[in-house]
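# Topology and contacts: notes
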Amino acid sequence: MTHAVQFEAPEISKLRDLQLFIDGRPTQPLSGKYFDTVNPATEEVICRVAEADSRDVDLAVAAARRAFDEGPWPRMKVADRCRTVRRIGDLILQNLEELAHLESLDTGKPITESREGDIPRAANNFHFFADFVEGLASESHPVDDVALNYTAREPAGVAGLITPWNLPLYLETWKVAPCLATGNTCV
């Protein structure tokens, strides 16, 4: 059953330039370049987004590598990490209305598709991968009474994630959620 919820879409004039997020903080692109994000339904500029170049990517990868090598994330207990990943899904649902409106502005799709499909599915990806990774068991198999073969699941490092434009948040979560749940960092 769907409930009608009154929600004011964010005023376009109040949206700001969106910066890169590198090393835990908003960061201006080194080139100073931004590009317009346009609502395809109205052709109105929604906001300007920082245009990363290879120098920005290098900084982001270096920061993600430091976070992986020096930070707590890959060394956390799986249950603790998965609880955090699950919480991201919860936060998406808590902000469903705002995210749905922003997604609809960005893609030009009807709000009902974003509200009832894309955003809940994005949250579900964080819930699913948190539960899946937490449920993975290590496997071991004796071999000829001489050896024991086993599987050790360990984080691999930094992942570079590229997502398409047509379902921005939802398709991003298909990559970010499993990456984080398995203890990796990403750009």
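Residues numbered from 1 in each chain as written. Predicted model: local features only at pLDDT ≥ 70, side-chain atom pairs only at ≥ 80, totals over all residues. Heavy atoms only, no water.

### Regarding the packing of helix α4 (residues 111-135) against helix α5 (residues 168-181)
Heads up, the rule is: Each axis is a line fitted through C-alpha atoms, taken for helices only over the stretch in contact, and angles between the N-to-C directions span 0 to 180 degrees. In DSSP terms, a helix is any run of H or I states spanning at least four residues, a strand is any run of E spanning at least two, and both are numbered starting from the N terminus. Oblique is the label for every angle not falling under 35 degrees (roughly parallel), over 145 degrees (roughly antiparallel), or within 65 to 115 degrees (roughly perpendicular). Two helices cross in a left-handed way if the nearer one is turned anticlockwise from the farther one by less than a right angle. They cross in a right-handed way if the turn is clockwise. Any pair of residues with heavy atoms lying within 4.5 Å of one another is described as a contacting pair.
For the pair α4 and α5, interaxial distance at closest approach is 9 Å and the crossing angle is 15 degrees. Here α4 is positioned roughly parallel relative to α5, judged by the angle of their axes. Once α4 is placed against α5, the crossing between them reads as right-handed. Contact residues: α4 offers Asp118, Ile119, Arg121, Ala122, Asn125, Phe126, Phe129, Ala130 and Val133, while α5 offers Leu169, Tyr170, Thr173, Trp174, Val176, Ala177, Pro178 and Ala181.

### Details of the side chain of Ser114
Inclusion rule: For this analysis, a polar contact is any N or O atom pair within 3.5 Å, provided that within protein one partner can donate a hydrogen and the other can accept it, and provided that sequence-adjacent residues contribute only side-chain to side-chain pairs.
Mapped onto the elements, Ser114 comes out in helix α4. Of note is the side chain of Ser114, whose polar atom sits 2.9 Å from the side chain of Ser104. Once you skip the residues sitting within four places of it in the chain, Ser114 turns out to touch Ala100, Glu103, Ser104, Lys109, Ile119 and Pro120.

### Things to note about a nonpolar patch on the surface
Operational definition: Exposure above 30% relative accessible area and no salt bridge define the residues that can form patches, which grow by joining like charges within 9 Å and nonpolar side chains of Val, Leu, Ile, Met, Phe, Trp and Tyr within 5 Å. The protein chains shown are the only cover counted for residues, whose accessible areas, like all others here, come from Shrake-Rupley with a 1.4 Å probe. The working definition used for a salt bridge is a side-chain nitrogen of Lys or Arg within 4 Å of a carboxyl oxygen of Asp or Glu.
A cluster of nonpolar side chains, Val57, Val61 and Val187, forms an exposed patch at the surface whose accessible area comes to about 190 Å². With respect to the element layout, Val187 can be found in the segment after β8 (185-186).

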